[in-house]
Each structure stands twice: as structure tokens, then as C-alpha cells.
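Read off the chains here:
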Amino acid sequence: MNAPINTGVAGAVPVLTLNNGVTIPQLGFGVFQIPPEETRLAVGEALAAGYRHIDTAAAYRNEAGVGAAIAESGIPRDEIFLTTKLRNGEQGSPRAAFEASRKALGVDTIDLYLIHWPVPSQGLYVQAWRELEILYAEGHIRAIGVSNFLPEHLDELLANSTVVPAVNQIEVHPSFTQDALAQKSRSHDIAVQAYSPLGQGRDLSSPVVSELAAKYGATAAQIVLAWHLGLGNIVIPKSVTPQRIRENLAATSFSLSSEEIAAISALETGERIGADPAVAAFTQM
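Residues numbered from 1 in each chain as written. Predicted model: local features only at pLDDT ≥ 70, side-chain atom pairs only at ≥ 80, totals over all residues. Heavy atoms only, no water.

Quick notes on the overall build of the protein
Link 1 in the chain: A tally of regular secondary structure across the protein gives 10 helices and 10 strands.
Link 2 in the chain: Compactness check: the protein gives a C-alpha radius of gyration of 18 Å against a globular reference of 19 Å for 285 residues, within 12% of the reference.
Link 3 in the chain: The C-alpha extent of the protein, read off along each of the three principal axes, is 55 × 40 × 30 Å.
Link 4 in the chain: Across the 285 residues that make up the protein, the buried fraction comes to 52%.
Link 5 in the chain: Within the protein, counting contacts between residues at least 6 apart in sequence, those at least 24 apart form 76% of the total. (Helix = DSSP H or I, 4+ residues; strand = E, 2+ residues; numbered from the N terminus. Rg over C-alpha atoms; globule rule 2.2 N^0.38 Å. Buried < 20%, exposed > 50% of the residue type's maximum accessible area, 1.4 Å probe, protein only. Contact = heavy atoms within 4.5 Å.)

Points about the pairing of strand β7 (residues 141–147)
Link 1 in the chain: Taking burial as the measure, the 7 residues of β7 include 6 buried ones, the bulk of the element.
Link 2 in the chain: Where strand β6 (residues 110–115) meets β7, 5 bridges bridge the pair, whose relative direction is parallel. Bridge pairing in β7 links Tyr-113 to Ile-144.
Link 3 in the chain: A crossover connection joins β7 to the parallel strand β8 (residues 167–171) through helix α5 (residues 151–159); in handedness this β-α-β unit is right-handed. (Pairing = 2+ DSSP bridges. Right-handed = clockwise from strand over helix to strand, strands pointing away.)

Considerations on helix α8 (residues 220–231)
Link 1 in the chain: Between its first and last C-alpha atoms α8 spans 17 Å; for 12 residues at 1.5 Å apiece the expected length is 16 Å, and the two agree.
Link 2 in the chain: Those residues of α8 that fall on the buried side of the exposure criterion are Ala-220, Ala-221, Gln-222, Ile-223, Val-224, Leu-225, Ala-226, Trp-227, His-228 and Leu-229.
Link 3 in the chain: Backbone geometry just after α8 places Gly-232 at a positive phi near 95°. (Expected span 1.5 Å × (residues − 1).)

Digging into the layout of surface pockets
Link 1 in the chain: Size it by volume and the largest pocket reaches roughly 580 Å³.
Link 2 in the chain: Grouping the amino acids of the lining of the largest pocket by side-chain chemistry returns 13 nonpolar, 10 polar and 3 charged.
Link 3 in the chain: In this structure, the second largest pocket encloses a volume near 240 Å³.
Link 4 in the chain: A per-element tally of the lining of the second largest pocket places strand β2 (residues 23–25) first, with 3 residues.
Link 5 in the chain: Tallied by class, residues from the lining of the second largest pocket come to 6 nonpolar, 3 polar and 7 charged. (1 Å grid on protein atoms, 1.4 Å probe; cavity = no way out; pocket = protein on both sides within 12 Å on 5 of 7 lines; lining within 4 Å. Points joined across faces, edges and corners; volume = space filled by probe spheres on them. Nonpolar A, V, L, I, M, F, W, Y, C, P; charged D, E, K, R; others polar.)

A short note on the nonpolar core
Link 1 in the chain: Formed by 70 residues in total, the largest nonpolar core has its most connected members in Phe-29, Val-43, Ile-54, Val-66, Tyr-113, Ile-223 and Leu-256.
Link 2 in the chain: The element that contributes the greatest number of residues to this core is α8, accounting for 8 residues.
Link 3 in the chain: When near neighbours in sequence (up to four residues on either side) are disregarded, Ile-223 contacts Val-209, Leu-212, Ala-213, Tyr-216, Ala-218, Phe-254, Leu-256 and Ile-264.
Link 4 in the chain: Counting 11 residues, the second largest nonpolar core, distinct from the first, contains Leu-18, Ile-24, Leu-114 and Ile-234. (Core = buried A, V, L, I, M, F, W, Y, C linked by side-chain atoms within 4.5 Å.)

Structural notes on helix α4 (residues 125–137)
Link 1 in the chain: With 13 residues, α4 extends 18 Å from end C-alpha to end C-alpha; this agrees with the ideal 18 Å at 1.5 Å per step.
Link 2 in the chain: Of the positions making up α4, those classed as buried are Tyr-125, Val-126, Ala-128, Trp-129, Leu-132, Glu-133 and Leu-135. Buried residues of α4 fall within an arc of 165° about the axis and therefore sit on the same side.
Link 3 in the chain: Residues of α4 that are buried in the fold lie against β5 (81–86), α3 (94–105), β6, β7 and α5.
Link 4 in the chain: Count one or two residues on from α4 and you reach Gly-139, which has phi positive near 90°. (Arc of directions from axis to C-beta.)

Dropping the structure here:
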């Protein structure tokens, strides 16, 4: 058995270079489903622990809490990578939506701005993307990308746009690996970012994860996060518990072997947790 890792102190967080040269910390902090009043405290804990990549969205209704925590942290703005997303119901007015997010966050520049869902029934995501391209060209956004885009959505976007998305943020966890979509994204030099990276907890009790946790003296969550890092995914775990916030970041302290990564990948069931992007049509408003 390996010596136990330090579960309270993170190792150096790997940094990936996106297709436009912008760098992004590979492990970040997500705030999905964190109530607005708790977000400021949670993000403050994350920043104090060493996270420098925060992922939010207009649909989460907690951008103001994220912005407040960043302002209170005293950390220079250019040391924090900040992501937010365009709501589905605002694909027809992305500039106004972007400005509202920028105001809520209290920042001049967004590091990564994503179209949150394609909503193909609206037929607006190409039009929205072209407006994001303009905002990017104007220097208001350092990188633009998409979320929940399936191969057919990527194909249509790439055929009708100039800027290749920097990121495709999709549901990925051991029981839902989305290998084909990940490979499709990477074939166009689009980085894969994983949300619901722990399968909302359901992937943590599998025997292979438990065995590796015992081997490395790690938590089950750290094992799954190390799996993501080993695959090359950008990953954004969420927690409001200070100890778990620190523990998650410490997943950078060790690496899994290719055989161990393959063993976790074999947990694939094809069962997603979230909505199907092919038909999802909620407005998020």
C-alpha cells in the first residue's frame, strides 16, 4: 500500500492550454445548485484552499456571490480563471445576457463564456455563437465555448462559424464517460470539461474506486477526480464543506496508472444523470 496522501493540502494544479493559447487550471470549483446566500462563503473557502478556477452560470443565480468572494479574497483578478454561461432563454440576446453576467460578477472580463445548452428546437445557437465571436473579438471574453453540445451540434456550429470552441463542458463521470463525444471534441482541439464529475456521488461506492482509495490512502472522490485528470478532462467538483473542498483539490497530489484509469472507465453504464441535450428545451429563466 502506498503512503497516505495529504488530504488537506493540494499539489500543484495542472494547467492546460486551450486552442487559442489561454491557459486554464485543470481542476476547478463548481457552484451548481449552491444557494446564492451560501455561494460567497463556499467560493471564499475554495479560493483560500488554493483553487484558482471558478465555474458558475447565469442559470445558477449565484454569480453575485461568486463575484463577492473573488473581490473579498484579495487575490489579483488575473490569477483567477472565471467561467459563466449563457442561459437557454437568452440565446436570442447574448450580448445583453453577457453584460448582465459581467455586472453580477463585478468583473470587466470573463475568462470563459459558454453557450449552456444547444436547445436545437430553438434553432438559435449558431446565431448566439456568432455574437459570442464578436464579444471575443472585442476582448470582453478570453475564450468562448459550449456546453452539452453533441456531435451533430458541434458539426453545425463548426460549419457556420469562424472561431472553434475552446471547451465543450459535458456530463462525464465513471458510469457515463461519453467517450465518443469526448473524442469528437478533442479531434477539433476542443477541450473536454466534466460536470457532475463524481456522478453526484453514485460512482463513489463502486468496488474498484474503494480498492484504489484504500491503496492510495485517498478518498473515493479523490480517486475519481484523479481519473478525470488522467484522462485529460478539465474537472469542476462542487462542495460546500470546507474539508471536502480541500480534499477535492488534493486529488492533484497523485496520479493513477493507465490500468487503473481503464478499470474505472469500465464502470460505464451509458446512464446520464442530467437532461439529454438532443431534446432539452428548458429556458433556465
